[in-house]
Amino acid sequence: MEPIGNSFNRSSYNLILFICVIFLGFGVFTPNVWAEEKETKTYIQPLNEVFQSDTVYPQEKGEVQLQVSPTFSEGSNRKIFKTPLTIEYGLTDFWQIEFGWDSYINRNPDIGVTTRGSGDFEIATQYSFMNIADSNYHATVGFEIGFAAGNIDKELTEGFNEYEPYAILAKDFPELNNSQIFTRLSVGFADRKLRHEDPDEDETEANELSWDVGFFIPVGPLRLTTEFNWRTNEWHNSGDENQIFLTPGVVWDLPGTWEWGIGAPIGLNDKTDNYRIITQLIYEFDID
């Protein structure tokens, strides 16, 4: 009999291949559709990013977005400071690619054993459908692949490659100063690549379900944001993670193509960090 784990991995890889073929199909067979969408573009984009979820907005063709997001989190007997870096590039006005990297992680500063170093990285792609049927609804489908790259014995990675298809749905309210509500749903398929010297310290190889819902309200140069974030793997393979956050934040639309924001996720259950502080600085420019 074939081991269950091998069967699951083969199913996951088939799903990954299918999604990649879909995105390739967008790139090869739909340039006329993109041109038509560009001509009927009517949406207004008040901000680029929120804090613990993703927005539906794509990068425009030839546009680059650079983002640095210093983050501090405090939980049960642990503290973590990290500095993720993200680069996004618009292949078309509605299709983008992305690279992200935990460039620096400092675990447990001032308490216990402190470890430092770089962590995991990821690549992603997403395609956005804006103003669907001339409405104020938008949708995005995307796919991320995370690669275990940190030192697992220093707790700079959990040791998994992760494959995550996701979808986002959003609705604009032009009459409310272009406010928006949005929701994001994803499933992360975990595939262990690194192990601790002591295997008993390894996290359970369980798939993660993520759900976010939120809104933002533009007020002058500020965008007031609120998110509800839920991450759990308790539904699969005896996973024990169940994190729930309420994430208020504010984003400031700076002069030029700069954007700065600060968010303060608040843990709502005993398996979640007590709090986090997330800052982000974004700069955009065209290369075409």
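**Q** Sorry if this is basic, but what is going on with the pairing of strand β2 (residues 71-75) here?
**A** Looking along a regular strand, one sees side chains alternate from face to face of the sheet. With four of five residues buried, β2 lies mostly within the body of the structure. Summarising the sheet, β2 and strand β3 (residues 78-90) pair through five bridges and their orientation is antiparallel. Bridging from a neighbouring strand, G75 pairs with R78 of β3. Summarising the sheet, β2 and strand β15 (residues 275-286) pair through four bridges and their orientation is antiparallel.

**Q** Which parts of the structure should I look at to understand the side chain of T55?
**A** Relative to the helices and strands, T55 resides in the loop between α2 (31-39) and β1 (63-68). Here T55 is in contact with N48, E49, V50, Q126 and I168, once residues within four sequence places are set aside.

**Q** What should I look at first to understand the packing of aromatic side chains in this one?
**A** Scanning the model with the defined rule gives eight aromatic pairs in all. Centroid distance F99 to F121: 6.0 Å. Interplanar angle 35°. Geometry classified as tilted. Of this pair, F99 sits in strand β4 (residues 95-107) while F121 sits in strand β6 (residues 121-129), placing them 22 residues apart in sequence. Judged by relative accessible area, F99 falls into the partly exposed class, the value being 36%. Joined through ring pairs, the aromatic side chains of F99, F121 and F147 make up one cluster. Sitting over the ring of Y137, K171 keeps its end group 5.5 Å from the ring centre. Its guanidinium or amino end placed over the ring of F173, K171 lies 4.2 Å from that ring's centre, counting from NZ or CZ.

**Q** Explanation requested: the side chain of D102 in the structure shown.
**A** Its location among the elements puts D102 in strand β4. Here D102 is in contact with K82, T83, P84, S118, G119 and D120, once residues within four sequence places are set aside.

**Q** Got a minute to help me understand the pairing of strand β7 (residues 137-147) in this structure?
**A** With eight of eleven residues buried, β7 lies mostly within the body of the structure. Here β6 pairs with β7 via nine bridges, running antiparallel. Looking at β7, one finds that T125 is bridged to F143.

Definitions and limits used
- Residues numbered from 1 in each chain as written.
- Predicted model: local features only at pLDDT ≥ 70, side-chain atom pairs only at ≥ 80, totals over all residues.
- Heavy atoms only, no water.
- Buried < 20%, exposed > 50% of the residue type's maximum accessible area, 1.4 Å probe, protein only.
- Helix = DSSP H or I, 4+ residues; strand = E, 2+ residues; numbered from the N terminus.
- Pairing = 2+ DSSP bridges.
- Contact = heavy atoms within 4.5 Å.
- Phe/Tyr/Trp six-rings, centres within 6.5 Å; stacked < 30°, edge-to-face > 60°.
- Lys NZ or Arg CZ within 6 Å of the ring centre and 35° of its normal.

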